[in-house]
Amino acid sequence: MRAPCLLVLVGTFALGACKGDATAPPKPARISVSVTATIVGTVNAPVVPSPTFTVLDDKGSPISKVSVTVSVGSGGGSVANVAKESGGAPIPVGAWVLGPTPGLNTLTITVAGLPQAVITADARPAYFVDLRFFGAPVDPVFQAAFQAAKTRIESVITADVTDANVITLDVATPAPAGCGVTGVAALTERIDDVVVFATVDSIDGPGKVLGSSGPCYVRTPGGLSLVGVMRFDIADFQNLKNDGRLNDVVLHEMMHVIGIGTLWSSKGQISGAGTPNSAFIGLQAVAGCQFHGGTAPNQCGGGTVPLETTGGPGTRDVHWREVTTATGIGFRTELMTGFVSAVGTPNPLSRISIGSLGDIGYEVNLSAAGSYTVPSTAT
């Protein structure tokens, strides 16, 4: 009678195995990521917070213990502490650091048998100039000059300025209430670090008003540029393109938007404004002048940098002095004097100008300066 009893037990175990097959583990159906829009980040900096992912079954439920591969795609970045498998809750991809060059970076999450999930990040310079054209269509050659100026400034200013959230910020109304940017709705966004509106259109023909530029909104607190505008006469722009001075003029004017000349007074960096002794007193600009050889008393040896004393309010006190006077040297070809140099003459951006940006509150890269020598002390 014992043998039938053994057969019954074996049969019971077999039935149990069949029931287990009916509840097989769920299969992965797709990869869900925490971000679908492009992340905005900074070159050579970690993406914070780290994006997360979840592996889901066909009913949308998370599955844990699924093997995954996380890898860097374009952009030249890196990822450390990489996730190896999924969890029952969202799992960070790892410590993703964006690459050294501005542009798009991608991170890919792979699970065998499933479409890959790709996360995209826009790696921006530490200081980002958000250039926006308005008005009439801008010639691609002119656009290239603006882009070159933007890139140059982003190489000079080396640290982020605190982002600013703006709500219905009026840019259409003319200054001082707005910026006079036509055809653009009020801004509701997070600004990193400065928005520069630019237009090239007809003003008054060649040889008269070239244009204007400067900040129309500054940060509170801090007083650094938040939104600015650049306007140029297309006739003068065409002439500048033809004679090779276009890039210098655009960089000069964009520097005014960032704050050279336009923010000096509000930052308390000018002495003797409106007098023959007008001078910039910032220590970094003075040190830059001395670096370029301006150590004599009528250069920068007395602890100041001579400012322009001629012209109207858009020229005097907001540029380095052009020609030598009884009260100071003239800097002639330096980019931020009030007069563009003759055709074929370089207009270098010196440590004097870069240093002045440091004096008003930016972190700057002095080694980004061009080759320049302060003129001799002769009157």
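Residues numbered from 1 in each chain as written. Predicted model: local features only at pLDDT ≥ 70, side-chain atom pairs only at ≥ 80, totals over all residues. Heavy atoms only, no water.

### Observations regarding the overall build of the chain
Move 1: Across its full length, the chain holds seven helices and 18 strands.
Move 2: For the chain, whose C-alpha radius of gyration is 30 Å, the value lies well above the compact-globule estimate of 21 Å for 379 residues.
Move 3: Structurally, the chain occupies a C-alpha span of about 130 × 45 × 40 Å along its principal axes.
Move 4: Taking all 379 residues of the chain together, the buried fraction comes to 43%.
Move 5: Taking all contacts inside the chain whose residues are at least 6 apart in sequence as the whole, residues at least 24 apart take part in 62%.
Move 6: Total accessible area computed for the chain in this model is approximately 18,100 Å², and 59% of it derives from carbon and sulfur atoms.
Move 7: Between the averaged position of the 22 positive side-chain charges in the chain and that of its 27 negative side-chain charges there is a distance of 10 Å. (Helix = DSSP H or I, 4+ residues; strand = E, 2+ residues; numbered from the N terminus. Rg over C-alpha atoms; globule rule 2.2 N^0.38 Å. Buried < 20%, exposed > 50% of the residue type's maximum accessible area, 1.4 Å probe, protein only. Contact = heavy atoms within 4.5 Å. Areas by Shrake-Rupley, 256 points an atom, 1.4 Å probe, with all protein chains shown as cover. Lys, Arg positive; Asp, Glu negative; His and termini not counted. Charge placed at Lys NZ, Arg CZ, Asp CG, Glu CD.)

### Digging into the state of the cysteines
Move 1: Applying the stated criterion across every chain, the model contains two disulfides.
Move 2: One disulfide in the model links Cys 179 with Cys 216; its S-S distance is 2.0 Å. Sign of the S-S torsion, about 85° for the bond between Cys 179 and Cys 216, identifies this disulfide as right-handed. Here Cys 216 lies in strand E14 (residues 211-218) and Cys 179 lies in the loop between strand E11 (164-169) and strand E12 (187-191), a separation of 37 residues in the sequence. The pair Cys 179 / Cys 216 is uniform in exposure class, with both members buried.
Move 3: Ordinal numbering of bonded cysteines along the chain defines a disulfide pattern of 1-2, 3-4. (Disulfide = S-S within 2.5 Å.)

### Observations regarding the packing of helix H2 (residues 140-156) against helix H4 (residues 246-258)
Helix-helix packing: each pair is described by the crossing angle between the helix axes and the interaxial distance.
Move 1: Two numbers describe how H2 lies on H4: the axes approach to 9 Å, and their chain directions differ by 50°. The orientation of H2 relative to H4 falls into the category oblique. Like other packed secondary-structure pairs, H2 and H4 cross with a definite hand, here right-handed. Every residue of H4 that contacts H2 at Val 141, Phe 142, Ala 145, Phe 146, Ala 148, Ala 149, Lys 150, Arg 152 and Ile 153 is listed here: Leu 246, Asn 247, Val 250, Leu 251, Met 254, Met 255 and Ile 258.
Move 2: Of the residues belonging to the contact of H2 with H4, the class tally is 13 nonpolar, one polar and two charged. (Axes fitted to C-alpha atoms, helices over the stretch in contact; angles between N-to-C directions. Parallel < 35°, antiparallel > 145°, perpendicular 65-115°, else oblique. Left-handed = near helix turned anticlockwise from the far one by under 90°. Nonpolar A, V, L, I, M, F, W, Y, C, P; charged D, E, K, R; others polar.)

### Focus: the pairing of strand E2 (residues 39-42)
Move 1: Only one face of E2 is buried, namely the one carrying Ile 39 and Gly 41, since none of Val 40 and Thr 42 on the opposite face is buried.
Move 2: Relative to strand E9 (residues 117-124), E2 runs parallel, the two being bridged by four bridges. Following the sheet pairing, Ile 39 is matched in E9 by Ala 121. (Pairing = 2+ DSSP bridges.)

### Brief notes about the packing of aromatic side chains
Two numbers describe a pair of aromatic rings. These are the distance of the centres and the angle of the planes.
Move 1: Evaluated as defined, the whole model comprises ten aromatic pairs.
Move 2: A ring pair is formed by Phe 142 and Phe 237, whose centres lie 5.0 Å apart and whose planes are at 75°; its orientation type is edge-to-face. Note that Phe 142 is positioned in helix H2 and Phe 237 in helix H3 (residues 234-243), a separation of 95 residues in sequence.
Move 3: Phe 142 sits in the buried class, given a relative accessible area of 2%.
Move 4: Both rings, one in Phe 146 and one in Phe 237, keep their centres 6.0 Å apart while their planes meet at 35°; by these two values the pair is tilted. Taken together, the residues Phe 146 in helix H2 and Phe 237 in helix H3 connect sequence positions 91 residues apart. The same class applies to Phe 146 and to Phe 237, which are both buried.
Move 5: Put simply, the rings of Phe 133, Phe 142, Phe 146, Phe 232 and Phe 237 touch in pairs and so form one group of aromatic residues.
Move 6: Sitting over the ring of Phe 128, Arg 124 keeps its end group 4.0 Å from the ring centre.
Move 7: Between the NZ or CZ atom of Arg 351 and the centre of the ring of Phe 291, over which it lies, the distance is 3.8 Å. (Phe/Tyr/Trp six-rings, centres within 6.5 Å; stacked < 30°, edge-to-face > 60°. Lys NZ or Arg CZ within 6 Å of the ring centre and 35° of its normal.)

### Structural notes on the pairing of strand E3 (residues 52-56)
Move 1: Most of E3 sits out of view: five of its five residues are buried.
Move 2: A two-sided burial pattern is seen for E3, the buried positions comprising Thr 52, Thr 54 and Leu 56 on one face and Phe 53 and Val 55 on the other.
Move 3: Pairing geometry for strand E1 (residues 30-33) and E3, over four bridges, is antiparallel. Bridge pairing links Ile 31 to Val 55 in E3.

### With respect to the sheet that holds strand E13 (residues 194-201)
By definition, the strands of a sheet pair up through backbone hydrogen bonds, in either a parallel or an antiparallel sense.
Move 1: In space, the four strands of this open sheet follow the order E10-E13-E15-E14, with mixed pairing throughout. Strand pairing shows two members of the sheet lacking a second neighbour, strand E10 (129-133) and E14, which therefore form its edges. Mean inter-strand twist for the sheet, computed between neighbouring axes without regard to direction, equals 20°.
Move 2: H2 contacts E10, E13 and strand E15 (225-233) of the sheet and is inclined by roughly 165° relative to E10.
Move 3: Sheet strands touched by H4: E10, E13, E14 and E15. Its angle to E15, the strand with the most contacts, is close to 150°.

### Considerations on the confidence of the model for the chain
Do not read the fine detail of predicted coordinates wherever pLDDT is low.
Move 1: On average, residues of the chain carry a pLDDT of 91, and 94% of them reach 70 or more.
Move 2: Long-range and interchain partners of residues 1-20, a stretch whose pLDDT sits below 50, account for zero contacts in this model, where long-range means more than four residues apart. (pLDDT = per-residue confidence, 0-100.)

### Some words on the environment of Gly 338
Move 1: Relative to the helices and strands, Gly 338 resides in the loop between strand E18 (305-306) and helix H7 (351-359).
Move 2: We classify Gly 338 as partly exposed; its relative accessible area is 24%.
Move 3: Sequence separation of Gly 338 and Gly 311 is 27 residues, and the distance between their C-alpha atoms is 8.9 Å.
Move 4: Sequence-distant contacts of Gly 338, defined by excluding residues within four places in its chain, comprise Thr 315, His 319, Trp 320 and Glu 322.

### Observations concerning H4
Move 1: Over its 13 residues, H4 runs 19 Å from end to end, which matches the ideal 18 Å to within 8%, given 1.5 Å per residue.
Move 2: Among the 13 residues in H4, eleven count as buried, and that is most of the element.
Move 3: The first or second residue beyond H4 is Gly 259, which carries a positive phi of 145°. (Expected span 1.5 Å × (residues − 1).)

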